[in-house]
Amino acid sequence: MNRRSFLLAGTATLLAGGRAMAQMKMDGMDGMDGMDGMEGMEGMGGMHAGHDTMAMPGSLPVLPEGAPLRDLQRLVNRAAEPGLFEATLTAEPAIARIAEGLDTPILGYNGDSPGPLIEVTEGERVKITLANRLSGQESTIHWHGMPVPADQDGNPMDPVAAGDDRTYSFDLPEGSAGSYWYHPHPHAKTAEQVYRGLAGAFLVKPKLDPIPAAYGDTLLFFTDLRLAADGTMPENTMVDAMNGRVGDHVLVNGQKNPVLTVPAGTQRRFRLFNATNARYLRLAFGDAPMTIVGTDGGLLEAPVPGVKDILLGPAERMEVIVAFDKPGTATLRTLDYDRGWMGPGRPKDAGIELLTIAISKTNAEPVPPLPATLRPIADLGAASVSRRFVFSETMAMAAGGMEMGFLINGVSFDMNRVDVVSKTGEVELWELVNQADMDHPFHVHGTQFQLVETERDGKVAKPPFRAWKDTVNLARGETVRILLRQDRPGPRMYHCHILEHEQLGMMGIVDVRA
Ligand code: C2O
Ligand code: CU
Ligand code: CU
């Protein structure tokens, strides 16, 4: 049977009661409005993919563009003593004015989405209280990519009930500087809490930054938004469950296509965060050349110049220096990237304008050159254990209908099952085999890892530079090998960071024992 009709048949049956899908809400899924070009979908019981190509013209809200790029709000440190960062993040419903004349109910941290920027310096102690004021929903805060103890890392096993407060405390060791982020991680609710607005940037600054301050430090935090005609965010559909939710508007620091004005000759440091549920961002700043200086876990050993475009899968971050030489306009826009799409409604990948850089005629003050080396990155050495993880998607007949599963080593996530037992301080080689028809961005909690090689159709490729990563894309049909070491004991999650896939089972637990 051809894949497409198999999928559609599967989807139709799922609507009738697949167990794996039971947690996806079905509201707002009646009506086939705007589903042109979807022959063969009659009798599906209604689906709305929600992408702009499929909507009735003029019916969807228009978002204002072209406002000056704003800085993220900062979380204020209320601690008096030096070396301590103490604050509260209240997860709560709020109303945002995103589209002209429409109120959008969101979930925000302290009323905002993205949540406030947390900025600390390595070596500091952090004490952040989550006040969960979401109505009737558990939540947690997970410190994505950060070296925090397992019991402070917001695992789904440690939920904070609605109405409760809980304080997370951890020390950020020397050498932990990097561009991290935070988001909820409750069981079966992560995807929705994130797409409704709960996510923020967490910057750990080094004591001494090798990149001169003259390059600036501009954060670009990407989220993905879908708005219905009335300004509300629609529930996830079956298409979202399969592919992950991809919105209609990619926002930068909560704004659509804002403008950053710089003088000609500017060299600017940007930190890019992909905080979308499921959108791959292959990016270029017009023709402006990029130099990569950092990844998920902080700076590289040396700058990597001459880069034309970069790929940021969901949850990945990168630091780049971009040179804007001549007066005019450079647009940060998306390029095509096919990550595998199941069923109808593949959203547009290419040509989305994310940020307009207006380069003025005034000349920038010259900046000192970038240092030839940034910092050492330790060689992890040889692995004493190797493990294999196979990622697959399944559709199987089961009592009551067709079930769709996102599996690792053939099983779906179970909070009460330990999948792997590791030892603190031991270097492991993880072989991540993607046997699925979609890309899956792999993430592991509690540590940063190094990419060893990727293999596709028998061809092995080594990474162009050594880097610390906590999330790596597994392209369709690809095998990725990584080296990692967990230094703190306790249970850690590993999962696909397409949050709908994580929620539908593509997650496991590694229990790290001392
Ligand atoms: Cu961004 Cu399990 O995390
Ligand atoms: Cu994480
Ligand atoms: Cu996935």
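All figures in this text were calculated on a predicted structure; none of them were measured in a lab.

Chemist: Would you mind going over the coordination of the copper ion (ligand 2) in detail, with residue names and values included?
Modeler: For the copper ion (ligand 2), the full set of protein donor atoms is H142 (NE2) and H443 (NE2), and the range of their distances to it is 1.9 Å. Here the residue H142 occupies a position in strand β5 (residues 142-144), and H443 occupies one in strand β24 (residues 440-444), the gap between them amounting to 301 residues.

Chemist: Could you give me a rundown of the pairing of strand β30 (residues 507-513), with the residues and numbers involved?
Modeler: Most of β30 is tucked away: six of the seven residues are buried. Relative to β30, strand β22 (residues 420-423) runs parallel, the two being bridged by four bridges. Considered in β30, the bridge of V421 is made with D511.

Chemist: Pulling in residues and values, what's your account of the packing of aromatic side chains?
Modeler: Going through the model one piece at a time under the given rule, you end up with 19 aromatic pairs. Considering the side-chain rings of W143 and Y182, the 6.1 Å spacing of their centres and the 40° angle between planes classify their relative orientation as tilted. Remark: Y182 occurs in strand β7 (residues 178-183) and W143 occurs in strand β5; sequence separation between them is 39 residues. There is no split in this pair, since W143 and Y182 are both buried. Judged by centre distance (5.8 Å) and plane angle (90°), the ring pair of W143 and F202 falls under edge-to-face. Note that W143 is positioned in strand β5 and F202 in strand β8 (residues 200-205), a separation of 59 residues in sequence. Sitting over the ring of Y195, R245 keeps its end group 3.6 Å from the ring centre.

Chemist: Kindly report on empty space enclosed by the protein, identifying the contributing residues and their values.
Modeler: Following the criterion strictly, the structure yields two cavities of 30 Å³ or more and no others. Considered as a void within the structure, the largest cavity measures approximately 70 Å³ in volume. Every residue along the wall of the largest cavity is listed here: V246, R279, Y280, Y337, D338, R339, G340, W341, R346, P347 and D349. Taken together, the residues of the lining of the largest cavity break down into five nonpolar, one polar and five charged. Taken as a whole, the second largest cavity spans an internal volume of roughly 40 Å³. Taken together, S422, K423, E426, E428, W430, L484, R485 and Q486 make up the full set of residues lining the second largest cavity. Across the lining of the second largest cavity, the residue classes tally to two nonpolar, two polar and four charged.

Chemist: Explain the coordination of the copper ion (ligand 3) residue by residue, including any values.
Modeler: Those donors, H440 (ND1), C496 (SG) and H501 (ND1), are the protein atoms that reach the copper ion (ligand 3), and they lie 2.0 to 2.1 Å from it. Read from N- to C-terminus, the donor residues coordinating the copper ion (ligand 3) fall into the pattern H-x55-C-x4-H. Taken together, the residues H440 in strand β24 and H501 in helix α4 (residues 499-503) connect sequence positions 61 residues apart. Considered together, H440 and H501 belong to a single accessibility category, that of buried residues.

Chemist: Could you give an account of the sheet that holds strand β4 (residues 125-132), with specific residues and numbers?
Modeler: An order of β2-β1-β4-β6 is seen for the four strands of this open sheet, with the pairing classed as mixed. One side of each edge strand has no neighbouring strand; the edge strands of this open sheet are β2 (104-109) and β6 (165-171). Mean inter-strand twist for the sheet, computed between neighbouring axes without regard to direction, equals 20°. The pairing of β4 with β6 spans seven bridges and is antiparallel. Residue pairing for β6: K127 is matched across the bridge by S169.

What counts and how
Residues numbered from 1 in each chain as written. Chains lettered and ligands numbered in written order. Predicted model: local features only at pLDDT ≥ 70, side-chain atom pairs only at ≥ 80, totals over all residues. Heavy atoms only, no water. Donors = N, O, S within 2.8 Å, 3.2 Å for Na, K, Ca; no water. Helix = DSSP H or I, 4+ residues; strand = E, 2+ residues; numbered from the N terminus. Buried < 20%, exposed > 50% of the residue type's maximum accessible area, 1.4 Å probe, protein only. Pairing = 2+ DSSP bridges. Phe/Tyr/Trp six-rings, centres within 6.5 Å; stacked < 30°, edge-to-face > 60°. Lys NZ or Arg CZ within 6 Å of the ring centre and 35° of its normal. 1 Å grid on protein atoms, 1.4 Å probe; cavity = no way out; pocket = protein on both sides within 12 Å on 5 of 7 lines; lining within 4 Å. Points joined across faces, edges and corners; volume = space filled by probe spheres on them. Nonpolar A, V, L, I, M, F, W, Y, C, P; charged D, E, K, R; others polar. Axes fitted to C-alpha atoms, helices over the stretch in contact; angles between N-to-C directions.

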